[in-house]
Amino acid sequence: MAFPTGLFLMYTSEEDSFWMLHSLLQHKHRLHGLYAPDLWQTVQCCAQLDALIARHLPRLHAHLTAADVKVNVFATQYFMSFFLAGFSAHQFDVTPRVMDCLLADADNKIIFRVAMTLLHNAQAELLALPPEYDELVPRLLRLHQDAALKDTDGFIHQVLETKLVTRDELEK
């Protein structure tokens, strides 16, 4: 919870930060399960992201599977920090924009859209790596440092244009 709390405190008062965190975890978004002792919502989000990768990036999914790379190995930090961990100092303007999108939207698709955009942008590079755990995981943990993130507006536009399937479509 330190990542969103720290970001809120950079831009708002303590009281406003508290209510924003409350909205994120309890009220509007109900993301408290990301920080539950059993991390049930983090596990659920990782499973959903795995299904999205299988559907939208099947070659990358097969490559990760061949290397025995589970989505939770690299995506847990995405969900628990809302992508605030990992952006470098010159990319920091991306983080408030992602959080703004998350707070403004009634659903939490922005988290998945950012993950899918990062994976899509890095897919060619990831597929060029040997299908070995030790080769892929370090790069997956550094997706935030992609050069495309230097264009914040372009990146956010790409994220918002990313189409995701609905829960019903995934169940088919």
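Look up: the structure comes first, before these words.
This text gives an overview of the structure that appears in the document. Just so it is clear, the structure is predicted and the values come from calculations on it, not from any experiment. Each chain carries its own residue numbering, running from 1 in the written order of its sequence. Where local features are concerned, this predicted model is filtered to residues with pLDDT of at least 70; where side-chain atom pairs are given and counted, the filter is 80 or more; whole-chain, interface and lining totals use all residues. With hydrogens and water excluded, all non-hydrogen atoms of the structure serve as input to the side-chain values.

**Some words on the overall build of the chain**
Basically, it comes down to this: Working definition: helices are DSSP H or I runs of at least four residues, strands are E runs of at least two. Numbering for both runs from the N terminus. Burial status follows relative accessibility: with a 1.4 Å probe on protein chains alone, a residue under 20% of its type maximum counts as buried, one over 50% as exposed, and anything between as partly exposed. A contact between two residues is defined here by any heavy atoms of the two lying within 4.5 Å. Here the open area of atoms and residues is found with the Shrake-Rupley method and a 1.4 Å probe, where only the protein chains shown may cover a residue.
Within the chain, the regular secondary structure consists of 10 helices and zero strands. The linear arrangement of helices and strands in the chain, starting from the amino end, is α-α-α-α-α-α-α-α-α-α. Sorting the 172 residues of the chain into buried and exposed places 45% on the buried side. Sequence separation of at least 24 residues holds for 71% of the intrachain contacts in the chain that already meet a minimum separation of 6. Accessible surface for the chain amounts to roughly 9,000 Å². Of this, 56% is attributable to carbon and sulfur atoms.

**Details of the nonpolar core**
Basically, it comes down to this: Nonpolar cores are built from buried Ala, Val, Leu, Ile, Met, Phe, Trp, Tyr and Cys residues. Side-chain atoms within 4.5 Å join them into one set.
Ranked by internal contacts, the top residues of the largest apolar core, which has 49 residues, are Leu49, Phe74, Phe79, Phe82, Leu119 and Leu140. If one sorts the elements of this core by residue count, helix α7 (residues 109-128) sits on top with 10 residues. Residues within four places of Phe82 in sequence aside, it is in contact with Pro4, Leu24, Leu31, Leu34, Tyr35, Gln77, Val98, Met99, Leu102 and Ile111.

**Section: the packing of helix α1 (residues 2-11) against helix α6 (residues 94-104)**
In plain terms, the rule: Inter-axis angles, ranging from 0 to 180 degrees, are taken between N-to-C directions of lines fitted to C-alpha atoms, where helices are fitted over the stretch in contact. For this classification, under 35 degrees means roughly parallel, over 145 means roughly antiparallel, 65 to 115 means roughly perpendicular, and everything else is oblique.
Interaxial distance between α1 and α6 falls to 11 Å at its minimum, and their mutual angle equals 100°. Between α1 and α6, the crossing angle belongs to the class labelled roughly perpendicular. Together, Pro4, Leu7, Phe8 and Tyr11 of α1 and Thr95, Pro96, Met99 and Leu103 of α6 make up the contact between the two elements.

**Concerning helix α5 (residues 71-81)**
For α5, every residue scored as buried is listed here: Val71, Phe74, Ala75, Tyr78, Phe79 and Ser81. Check the buried side of α5 and you find it contacts α1, α3 (40-56), α4 (58-66), α7 and α8 (133-140). Phe82 occupies a position one or two residues after α5 and carries a positive phi of about 55°.

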